[in-house]
Amino acid sequence: MDRIGAQFERWGVEMARQAAGQLTVPWEAALAAFLAAVEGQGVDWWLVGSGALAVRGVVITPHDLDLATDARGAVRLGELLHDHLVEPVLPSSDWIADWFGRAFLHARVEWVGDVHDDVDAMGVSDFGPTARARSEIVHWRGHQIRVPPVDLQLAVTRARGLRGREAQIEAWLARQG
């Protein structure tokens, strides 16, 4: 906990300034650092949220990177990213998933482990079991990254009322033909 506290102290101001829009979020550097840390480690993970749209080429700048994994993966990510943790990987209760962790690698990288099966019953999601079952592979800088299907991401975007993001997704879809 002391190490994590020191890491939060080290990066907390930068994280807050990124979250407030005062600094550009270097999501590409964060994703590249994450991929370098986990490559070949056997962690079953997938990219969700705005990062999944950005790696497809949708014109969007993520404020962080969101990942989904299983319980084993959540714990393993905490081990692999221990020098970058700003919040410990902990079990959670009465939430959408059984695990949560947060690291800072140029930008916030957050993950959930063992997303509950009933998440999809709560409404459309791009991280629940339906999205996972329908996940697709996107090629980004020589890496294969698993992401939710874009139709689910568009539905989530509409449900959240994110009109600018919706327009960017629709423009991307139009370019795809």
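Look above for the structure.
Keep in mind the model is a prediction, meaning the values are calculated, not measured. (Residues numbered from 1 in each chain as written. Predicted model: local features only at pLDDT ≥ 70, side-chain atom pairs only at ≥ 80, totals over all residues. Heavy atoms only, no water.)

**Q** I'm lost on the pairing of strand S3 (residues 85-91) in this one. Help?
**A** Successive side chains on a regular strand alternate, one facing one side of the sheet and the next facing the other. In terms of strand pairing, S3 meets strand S4 (residues 97-104) through four bridges, oriented antiparallel. Within S4, the residue paired with Leu 90 across the bridge is Phe 100. Following S3, the chain reverses through five residues before pairing antiparallel with S4; Asp 94 in that reversal takes a positive phi of roughly 55°. (Pairing = 2+ DSSP bridges. Helix = DSSP H or I, 4+ residues; strand = E, 2+ residues; numbered from the N terminus.)

**Q** Help me understand the nonpolar core in this model?
**A** Buried together is how nonpolar side chains tend to be arranged in soluble globular proteins. By size, the foremost hydrophobic cluster in this structure holds 37 residues, and its most contacted members are Leu 31, Phe 34, Trp 45, Leu 47, Val 55, Trp 111 and Ile 145. Looking at this core element by element, the count peaks at six residues for helix H2 (residues 27-38). Residues Ala 97, Phe 100, Val 112 and Val 119 belong to the second largest nonpolar core, which totals ten residues. (Core = buried A, V, L, I, M, F, W, Y, C linked by side-chain atoms within 4.5 Å. Buried < 20%, exposed > 50% of the residue type's maximum accessible area, 1.4 Å probe, protein only.)

**Q** Looking at this structure, how should I read the pattern of salt bridges?
**A** Oppositely charged side chains can form a pair if their charged atoms are brought close together. Under the criterion given, the structure shown has 13 salt bridges. Of the charged contacts in the structure, one is a salt bridge between Asp 64 and Arg 108, with a shortest N-O distance of 3.2 Å. Taken together, the residues span a long stretch of sequence, with Asp 64 in the loop between helix H3 (49-56) and strand S2 (65-69) and Arg 108 in strand S5 (residues 108-115) at a distance of 44 residues. This pair shows no difference in class: Asp 64 is buried, exactly as Arg 108 is. In this structure, Arg 158 and Glu 166 form a salt bridge, with 2.9 Å as the shortest nitrogen-oxygen distance. Overlapping salt bridges, with partners in common, bring together Asp 64, Glu 87, Arg 102, Arg 108 and Glu 110 in one network. (Salt bridge = Lys/Arg side-chain N within 4 Å of Asp/Glu carboxyl O.)

**Q** Before we go on, may I ask you to explain H2 in this structure?
**A** Structurally, the α-helix is built with 3.6 residues per turn, so residues lying three or four positions apart point the same way. Compared with the 16 Å implied by 1.5 Å per residue over twelve residues, the 16 Å span of H2 between its first and last C-alpha is a close match. The complete set of buried residues in H2 reads Trp 27, Ala 30, Leu 31, Phe 34, Leu 35 and Val 38. Considered in projection along H2, the buried side chains sweep an arc of 130° and stay on one side of the axis. Backbone geometry just after H2 places Gly 40 at a positive phi near 75°. (Expected span 1.5 Å × (residues − 1). Arc of directions from axis to C-beta.)

**Q** Can you help me understand H3 in this one?
**A** Most of H3 is tucked away: eight of the eight residues are buried. Three or more residues of H3 are buried, namely Gly 49, Ser 50, Gly 51, Ala 52, Leu 53, Ala 54, Val 55 and Arg 56.

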